[in-house]
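For reference, the chains in residue letters:
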Amino acid sequence: MSPAPVIGVAVFLIKGNSILLGRRRSSVGENTYALPGGHLEFGESFEECAAREVKEETGLDIKDIQFVTVTNDVFSEAAKPLHLVAVFMRASLADPDQLPENIEPEKCYGWDWYDWKNLPQPLFRPLETMMKNGFSPFD
Ligand SMILES: Nc1nc2c([nH]c(=O)n2[C@H]2C[C@H](O)[C@@H](COP(=O)(O)OP(=O)(O)OP(=O)(O)O)O2)c(=O)[nH]1
Ligand SMILES: [Mg+2]
């Protein structure tokens, strides 16, 4: 039996021309820069999941949470095959002066703001694929 598809929610947290990224500590995408996010829990809306994951991982409070796009990928070559539906949301800081904290240091090396025109490398693969396809969360 194949495992059920998994639903991830990731958040483009936008501040001026920058987005918040953290270098992952994970068997999936170790050392790559990714958005805050995690898995949808039973009964949650995408907006609730986005706000909860950003709070759990960075301590930040967000507002104006909107859906932007969705990806659907099957990683069949992986040791544990994974079918991932990733829902991408966009949001802004409720308080522009609030600073990100690394609340889950076992999952992330730290959060920082990066100019959209000068993103760090390597990006987490789903993010890199979106960028290569010309996606922008600012449009
Ligand atoms: N965090 C994050 N997840 C992403 C991004 N792009 C993308 O496809 N995803 C997908 C891959 C992951 O399987 C899924 C969940 O994110 P995650 O790996 O951070 O999960 P997590 O441990 O924080 O989740 P949880 O089990 O604590 O709820 O979302 C991204 O840029 N950032
Ligand atoms: Mg996460």
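Predicted model, so just to flag it, every value in this text is computed and none were measured. (Residues numbered from 1 in each chain as written. Chains lettered and ligands numbered in written order. Predicted model: local features only at pLDDT ≥ 70, side-chain atom pairs only at ≥ 80, totals over all residues. Heavy atoms only, no water.)

*Asks:* Before we move on, can you summarise the pattern of salt bridges with the specific residues and values?
*Replies:* If you walk through the whole model with that rule in mind, you get seven salt bridges. Where Arg-52 meets Glu-41, a salt bridge forms, and the shortest distance between an N and an O atom there is 3.5 Å. Of the two residues, Arg-52 is situated in helix α1 (residues 46-58) and Glu-41 in the loop between β4 (37-39) and α1; the sequence distance between them amounts to 11 residues. With its nearest N and O atoms 3.7 Å apart, the salt bridge here joins Lys-107 to Glu-104. For Glu-104, a relative accessible area of 15% gives the class buried. In this structure, a network of salt bridges that share partners links the residues Glu-41, Glu-44, Arg-52, Glu-53 and Glu-56. (Salt bridge = Lys/Arg side-chain N within 4 Å of Asp/Glu carboxyl O. Helix = DSSP H or I, 4+ residues; strand = E, 2+ residues; numbered from the N terminus. Buried < 20%, exposed > 50% of the residue type's maximum accessible area, 1.4 Å probe, protein only.)

*Asks:* Help me get a handle on the coordination of the magnesium ion (ligand 2), residues and values and all.
*Replies:* Surrounding the magnesium ion (ligand 2) are the protein donor atoms Gly-37 (O) and Glu-57 (OE), which sit 2.1 to 2.2 Å from the metal. Taken as a pair, Gly-37 in strand β4 and Glu-57 in helix α1 lie far apart in primary sequence, 20 residues in all. Residue classification places Gly-37 among the buried positions, given a relative accessible area of 18%. (Donors = N, O, S within 2.8 Å, 3.2 Å for Na, K, Ca; no water.)

None of the figures reported here should be taken as evidence of function without further support.
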